[in-house]
Amino acid sequence: MMFQITPLMRRLLALMLLTCATWATAQDFPNRPIRLVVPYGPGGVTDINARTLATRLGEILGQSVVVDNRAGGASIVGSDAVAKAKPDGYTLLLTSTALAANHILFKKIPYDPVKDLMPVSFVSTVPTVLVVHNNVPAQNLKELVQLARSKPEAMNYGSAGNGSFSHLSGALFESMASVNMIHVPYKGSAPAMQDLVGGQVQLMFDSMPSAMPFIKAGKLRAIAVTTLKRAQALPELPTIAESGYPGFDVAVWHGLIGPKGNPKDIVAKLNKFTLEALSD
């Protein structure tokens, strides 16, 4: 008697093989280095977060987590590289506020942040601070607003790029304070900060970790914190909200993202070990 495989049996067999392959992949993961794409240049807060996370995560996973800086296009270049990567867990993106803002700010981007990317883990919320070059005479927020109003479009502010948290913070401040300044976008916060220290731009909204060394060294003057609560690192510095603009509340978030289609078991594994790394 000849044994006949029915269409239903074929489907069940295929499902079993697929399940076994996925299980084996998750069990073996990772068996080679993981690429962590940062859509900004080295030295900015996103890069600092990525390198700190990569070191600890690599120790936990037993594989190297290599940071790959893909700056340009308001983080679009790096994000697109991850969106088009093979969904196997070996290519990840550490991104920030720009991921949510770009599809609103730009008419066309080469990927859909919802359809082409998927979340792996929340990473951090970072307080930001408004800093000015020492040549700017304003000592506090009130004086800075008066100065900006007295010279419309004479003052400029640097940012990590169009759509970055530093850009959106500046735009929100312009709107709430009724001032008109010139926005100067850079390919990341590090080059923007270099020009601010050098006096090529006059002010910037930057993250606390990257701005603090220049504040402590006396190369920049801190004016106000952008979050609703004062920062522990600068407890004496007032917030923008308490300086006359209630409701001003800006912080930069960072998240770990992967291409759509990453196996759920691998995503769960990455999430678990990312949280373990963050708890250290």
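Everything numeric here is computed off the predicted structure, so don't read it as measured data. (Residues numbered from 1 in each chain as written. Predicted model: local features only at pLDDT ≥ 70, side-chain atom pairs only at ≥ 80, totals over all residues. Heavy atoms only, no water.)

Chemist: Looking at this structure, how should I read the packing of aromatic side chains?
Modeler: The description of an aromatic ring pair rests on the distance of the ring centres and on the angle between the ring planes. As enumerated under the stated definition, the model contains four aromatic pairs in all. Pairing Phe 173 with Tyr 245 gives two aromatic rings, centres 6.3 Å apart and planes at 70°, and the pair type is edge-to-face. Residue Phe 173 is located in helix H6 (residues 165-177), and its partner Tyr 245 is located in the loop between strand S8 (220-225) and strand S9 (251-259); the two are separated by 72 residues in the primary sequence. Pair check on accessibility: Phe 173 and Tyr 245 agree, each one buried. Aromatic ring contacts, followed pair by pair, group Phe 173, Phe 205, Tyr 245 and Phe 248 into a single cluster. (Phe/Tyr/Trp six-rings, centres within 6.5 Å; stacked < 30°, edge-to-face > 60°. Helix = DSSP H or I, 4+ residues; strand = E, 2+ residues; numbered from the N terminus. Buried < 20%, exposed > 50% of the residue type's maximum accessible area, 1.4 Å probe, protein only.)

Chemist: How do you make sense of the environment of Pro 110 when you look at a structure like this?
Modeler: Here Pro 110 lies in the loop between helix H4 (98-105) and strand S4 (117-133). Residue Pro 110 is classed as partly exposed on the basis of its relative accessible area, which comes to 47%. Sequence separation between Pro 110 and Ser 79 is 31 residues; the distance between their C-alpha atoms is 9.4 Å. Sequence-distant contacts of Pro 110, defined by excluding residues within four places in its chain, comprise Ile 76, Asp 80 and Lys 84. (Contact = heavy atoms within 4.5 Å.)

Chemist: Explanation requested: the pattern of salt bridges in the structure shown.
Modeler: Once their charged atoms are close, side chains differing in charge can pair, the charge on each being opposite to the other. By the definition in use, this model includes eight salt bridges. As a salt-bridge pair, Arg 32 and Asp 88 come within 3.0 Å of each other at their nearest N and O atoms. A residue pair is termed long-range when its members are at least 10 positions apart, and Arg 32 in the loop between helix H1 (7-28) and strand S1 (34-38) and Asp 88 in the loop between helix H3 (76-83) and strand S3 (91-95) qualify at 56 residues. Using a relative accessible area of 14% as the deciding quantity, one classes Asp 88 as buried. (Salt bridge = Lys/Arg side-chain N within 4 Å of Asp/Glu carboxyl O.)

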